[in-house]
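Structural overview for review
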Amino acid sequence: MDQEVRTPVEGVAVLKGSLGLLICLLWLAPEWGMASVPAAPNADDPALEARLNRLAEGLRCVVCQNESLAESRASLALDLREEIREMMRAGMSDDAVVESLVARYGDFVLYRPPLKPLTYLLWAGPLAFLLGGAGLAMGSVLRRRMLRPQADVSADALREAARLLQGSEPHSPRGTDAVSGPTHREER
Amino acid sequence: MRRWGPLWLFAAVAAFLYVGLYLNPKEVPSPLVGRPAPDFTLPVIGQPGETFSPSEVRGKVWLLNIWAPWCSVCLEEHKHLPRLVDGRVPIYGLTWKDLDREAAPLLARNGSPYVAAVDDRDGRIALRYGVTVTPETFVIDRHGMIRMKHVGPVTPAVWTRKFEPLLKALQS
């Protein structure tokens, strides 16, 4: 047992060492993943690569649906990126590339859905809700403004109120014995 | 009338959620349906020197089944396919990313459900068909148009419900 006890400094060193190793492993892991796929030449044209990444940010990886094509490591995403690279090398414009992807996978590949009859509700929905809510609020405020203070209280009621206000005995509906709650407890 | 407002709101939200329960996010609607099937020429697995191209089957209704030797669901599907198809329609296989070249011995061992299985080793043709998962099956008509895409295995139930009526209509 004693031999296994490490001084704090050693412990920290070991911790740092294993943390470093872990970071190295995480760093390398994607490279290992790619080893099985034919290596894609991605460093030979930085300009094209930058253009690809900009475009891929706005495209959805169709198998890992909450990732963009730029960040995904799925093999299909790698293939698609290679496909886009090739289209770009062939001189296709960004719009043409996106169009050809939409032709295969539908609007689903776009993170920003296009404005068309099918998506009007999607785009206008939030604004409609906002305006609807504002309308309701305005309506209820205006309705309350219109209400006049009610003056038609009967004479009997006024007299009763005056009597209660002038009454000398404080009136407790439940009687003093029944009073409970914090004030009562504090007295004890 | 006013007091029913919350109830109507609840009913509307519940209806949306109920429908949402049955939506499958993996079933990406394919815009390829109703469009010409992308053309290709690829080597046929197990027959060196031979190639297959969709233009060879122009004039026929045919099926294109995307599969891969590493896809266990596809191999399970292979067992049912011949019985379901029953020779009524030619079925071709597109072998997706057979990087380890397992397809040829596998088809030889298990028996091939295909007229021919082509080798799409780098997966480029599958991309053109908008494939996201294996297996996927396309129904292609006499004019080379894609008429249906089925994602997932073709089970007997799927065959009777989706494939049979469509094939009957296309072949008549």
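Not measured: the values here are computed from a predicted model.

For chain B, the count of helices and strands is five helices and seven strands. Listing each helix as α and each strand as β along chain B from the N terminus yields α-β-β-β-α-β-α-β-α-β-β-α. When the 172 residues of chain B are sorted by exposure, 47% land in the buried category. Looking at chain B as shown, the accessible area adds up to about 9,500 Å², and 60% of this sits on carbon and sulfur atoms.

Listed as interface residues are 18 residues of chain B and, on the opposing side, 17 residues of chain A. For the pairing of chain B and chain A, the buried interface totals around 1,500 Å² over both sides, and the portion due to carbon and sulfur atoms is 53%. Note that Glu86(A) and Arg124(B) form a salt bridge whose closest N and O atoms lie 2.8 Å from each other. At the boundary of chain B and chain A, one finds five residue pairs in polar contact (both at pLDDT 80 or more). Here the side of chain B that touches chain A takes three residues from helix H4 (residues 124–128) of chain B, the largest share from any one element. When its residues are assigned to classes, the side of chain B that touches chain A shows nine nonpolar, three polar and six charged.

This paragraph deals with helix H3 (residues 75–89) of chain A. All names here are of chain A. A rise of 1.5 Å per residue sets the reference length of H3, with its 15 residues, at 21 Å; its end C-alpha atoms lie 21 Å apart and thus fit the reference within 8%. Counting buried positions along H3 gives 12 out of 15 residues, so the element sits mostly inside the fold. By the burial criterion, the buried members of H3 are Leu76, Ala77, Leu78, Asp79, Leu80, Arg81, Glu82, Glu83, Ile84, Arg85, Met87 and Met88. Immediately beyond the C-terminal end of H3, within one or two residues, lies Gly91, with a positive phi of roughly 90°.

All names here are of chain B. With mixed pairing, the five strands of this open sheet are ordered in space as S5-S4-S3-S6-S7. Every other strand in the sheet has two partners, leaving strand S5 (116–120) and strand S7 (146–151) as the edge strands with one partner each. Averaged over all pairs of adjacent strands, the angle between their axes in this sheet comes to 20°, without regard to strand direction. Bridge count for strand S3 (residues 62–67) against strand S4 (residues 91–96) is five bridges, and the pairing is parallel. If you follow Leu64 over to S4, its bridge partner there is Tyr92.

Before going further, it helps to examine the packing of aromatic side chains. Using the criterion set out here, one finds 10 aromatic pairs over all chains in the structure. Centre to centre, the rings of Phe52(B) and Tyr92(B) are 4.2 Å apart; their planes meet at 15°, and the pair counts as stacked. Of this pair, Phe52(B) sits in strand S2 (residues 51–52) while Tyr92(B) sits in strand S4, placing them 40 residues apart in sequence. For Phe52(B), a relative accessible area of 3% corresponds to the buried category. Grouping aromatic residues by their ring pairs yields a cluster made of Phe40(B), Phe52(B), Trp62(B), Tyr92(B), Tyr129(B) and Phe138(B). Over the ring of Phe108(A) we find Arg60(A); its NZ or CZ atom is 4.5 Å from the centre of that ring.

Turning our eyes to something else, we now look at the state of the cysteines. Residue and element names in this part refer to chain B. Inspection of the entire model under this criterion finds one disulfide over all chains. Residue Cys71 pairs covalently with Cys74 via a disulfide, S to S 2.1 Å. Handedness of the Cys71-Cys74 disulfide follows from its S-S torsion of about 85°: it is right-handed.

Another point: the pattern of salt bridges. Residues and elements named next belong to chain B. Tallied over the entire structure, the rule returns 16 salt bridges over all chains. Ionic pairing is found between Glu136 and Lys149, a salt bridge with its closest N-O pair at 3.4 Å. In this pair, Glu136 sits in strand S6 (residues 136–140) while Lys149 sits in strand S7, placing the two residues 13 residues apart along the sequence. Lys149 gets classed as buried once you look at its relative accessible area, which sits at 13%. Asp141 serves as the salt-bridge partner of Arg147, at 2.9 Å between the closest nitrogen and oxygen. Overall, the relative accessible area of 39% leaves Arg147 in the partly exposed class. Using a relative accessible area of 5% as the deciding quantity, one classes Asp141 as buried.

About the cut-offs
- Residue numbers run consecutively from 1 along every chain, following the written order of its sequence.
- All chains are assigned letters beginning with A, and all ligands numbers beginning with 1, in the order in which they are written.
- Selection of residues for local features in this predicted model requires a pLDDT of at least 70, selection of side-chain atom pairs for listing and counting requires 80 or more, and totals for whole chains, interfaces and linings are taken over all residues.
- In computing side-chain values, all of the structure's heavy atoms are included and hydrogens and water are not.
- In DSSP terms, a helix is any run of H or I states spanning at least four residues, a strand is any run of E spanning at least two, and both are numbered starting from the N terminus.
- Relative accessibility thresholds used throughout: buried, under 20% of the residue-type maximum; exposed, over 50%; partly exposed, between the two (1.4 Å probe, protein chains only).
- For every accessible area listed, the method is Shrake-Rupley and the probe measures 1.4 Å; residues are considered covered only by the protein chains on display.
- Whether two residues touch is decided by their heavy atoms; if any such pair falls within 4.5 Å, the residues are in contact.
- Reported buried area values correspond to the accessible surface (1.4 Å probe) lost by two parts on association, with both partners' losses combined.
- Counted as salt bridges are all cases of a side-chain nitrogen of Lys or Arg within 4 Å of a carboxyl oxygen of Asp or Glu.
- Pairing of N or O atoms within 3.5 Å defines a polar contact, subject to two protein rules: one partner must be a possible hydrogen donor and the other a possible acceptor, and residues neighboring in sequence count only if both atoms are side-chain atoms.
- Charged residues are taken to be Asp, Glu, Lys and Arg, nonpolar residues to be Ala, Val, Leu, Ile, Met, Phe, Trp, Tyr, Cys and Pro, and polar residues to be all remaining types, Gly included.
- Given a helix with a known number of residues, its expected span is that number minus one, times 1.5 Å.
- A pair of strands is considered paired only if DSSP assigns at least 2 bridges between the two.
- Axis geometry follows a simple rule: fit a line to the C-alpha atoms, using only the stretch in contact for helices, then measure angles between N-to-C directions, giving values from 0 to 180 degrees.
- Planes of paired rings set the category: under 30 degrees apart is stacked, over 60 is edge-to-face and the rest tilted, where pairs are Phe, Tyr or Trp rings (Trp by its six-membered ring) whose centres lie within 6.5 Å.
- Sitting over a ring, as applied to charges here, requires NZ of Lys or CZ of Arg to be within 6 Å of the ring centre and within 35 degrees of the ring normal.
- Any two cysteine sulfur atoms within 2.5 Å of one another count as a disulfide.

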